[in-house]
Amino acid sequence: KTHYLLKNPVEGETAPCVMVEEKIGVAGEYYVGATYDTSRRTPVILFSKAGGIDVESSGSTQRLNVDCSTGLQDWMIRDMLKKAGVAQEKIVKLADIVRRTYGCFLAEDCKTLEINPLAETTDGKFIAVDVAIELDGDAGFRHKERNFSERTTKQLTGREAAVKKANSADYRGT
């Protein structure tokens, strides 16, 4: 199967490599995200017991707007998780993950940070299977340790060029 993926284009694009990860037993999937609510001008944390595609529009996502003057409090996270229907015995572990996700979101000046899915393994552990982060390019002066050069190794795909154009025209991005 790997040979097939490397040799055959998918939607006009060829994969230069394939990453292989350890197979895990998954008992459940969750979604954890942090972004900004531009209408309220506050950070917002999103959580759903259902990870996967289109989770934000599924209607099962809990929103927690964070008041910047008081900050994120542990009780707020626990309350959000309870409203989402998380079992009591999982709240402490998930609250820690949500808190650390939000901390990373702030510390790294992200526009968005999403863990989707956050997998619960059959032995009760949580693993971030996929994470998407969009950094705020205007905050680069606060992060001198970052040395991201422009991507010059290959030409942008049509889709990447369209996203770049949309992002440059609208600061909220795609």
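Residues numbered from 1 in each chain as written. Predicted model: local features only at pLDDT ≥ 70, side-chain atom pairs only at ≥ 80, totals over all residues. Heavy atoms only, no water.

Notes on the packing of aromatic side chains
Item 1. In the structure shown here, the tally under the stated rule is four aromatic pairs.
Item 2. Between Y102 and F105 the ring centres are 6.1 Å apart and the planes differ by 25°, which places this aromatic pair in the stacked class. Pair noted here: Y102 and F105 are both in helix α3 (residues 88-107), with a separation of three residues, about one helical turn.
Item 3. One aromatic cluster is present, formed by Y30, F47 and F126 through successive ring pairs. (Phe/Tyr/Trp six-rings, centres within 6.5 Å; stacked < 30°, edge-to-face > 60°. Helix = DSSP H or I, 4+ residues; strand = E, 2+ residues; numbered from the N terminus.)

Structural notes on the pattern of salt bridges
Item 1. Applying the stated criterion to the full structure yields 10 salt bridges.
Item 2. For E120, the salt bridge goes to K90, with nearest N and O atoms at 3.0 Å. With a gap of 30 residues between them, E120 in strand β4 (residues 110-121) and K90 in helix α3 connect regions that are remote in the sequence.
Item 3. When its relative accessible area of 9% is taken as the criterion, E120 is described as buried.
Item 4. Here D109 ties to R142 by a salt bridge, and the two come within 2.9 Å at their closest N and O atoms. With D109 in the loop between α3 and β4 and R142 in the loop between β6 (131-135) and α4 (158-169), this pair connects stretches of sequence that are 33 residues apart.
Item 5. Take D109: its relative accessible area is 16%, and that puts it in the buried class.
Item 6. Owing to a relative accessible area of 49%, R142 belongs among the partly exposed residues under this scheme.
Item 7. Salt bridges sharing common partners tie together D74, D96, R99 and R100. (Salt bridge = Lys/Arg side-chain N within 4 Å of Asp/Glu carboxyl O. Buried < 20%, exposed > 50% of the residue type's maximum accessible area, 1.4 Å probe, protein only.)

Focus: the side chain of T42
Item 1. Position of T42 among the secondary structure elements: in strand β2 (residues 42-48).
Item 2. Residue contacts for T42: discarding those within four places in its chain leaves T35, Y36, D37, N65 and V66. (Contact = heavy atoms within 4.5 Å.)

Observations concerning the side chain of S48
Item 1. Along the chain, the position of S48 falls in strand β2.
Item 2. Here the side chain of S48 touches S60 through a polar contact of 3.1 Å, side chain to side chain.
Item 3. Here S48 is in contact with Y30, Y31, V55, S60 and T61, once residues within four sequence places are set aside. (Polar contact = N/O pair within 3.5 Å; in protein donor to acceptor, adjacent residues only side chain to side chain.)

Quick look at the pairing of β4
Item 1. Across the 12 residues that make up β4, a large majority, nine, are buried.
Item 2. Note that strand β1 (residues 26-37) and β4 share seven bridges and pair antiparallel. Pairing of A34 across the sheet is with L113, part of β4.
Item 3. As paired elements, β4 and strand β5 (residues 126-128) share three bridges and run antiparallel to each other. (Pairing = 2+ DSSP bridges.)

As for the layout of surface pockets
Item 1. Taken as a whole, the second largest pocket holds about 230 Å³ of empty space.
Item 2. Along its surface, the second largest pocket is lined by M19, E21, E22, I24, I127 and V129.
Item 3. Partitioning the lining of the second largest pocket into residue classes produces four nonpolar, no polar and two charged. (1 Å grid on protein atoms, 1.4 Å probe; cavity = no way out; pocket = protein on both sides within 12 Å on 5 of 7 lines; lining within 4 Å. Points joined across faces, edges and corners; volume = space filled by probe spheres on them. Nonpolar A, V, L, I, M, F, W, Y, C, P; charged D, E, K, R; others polar.)

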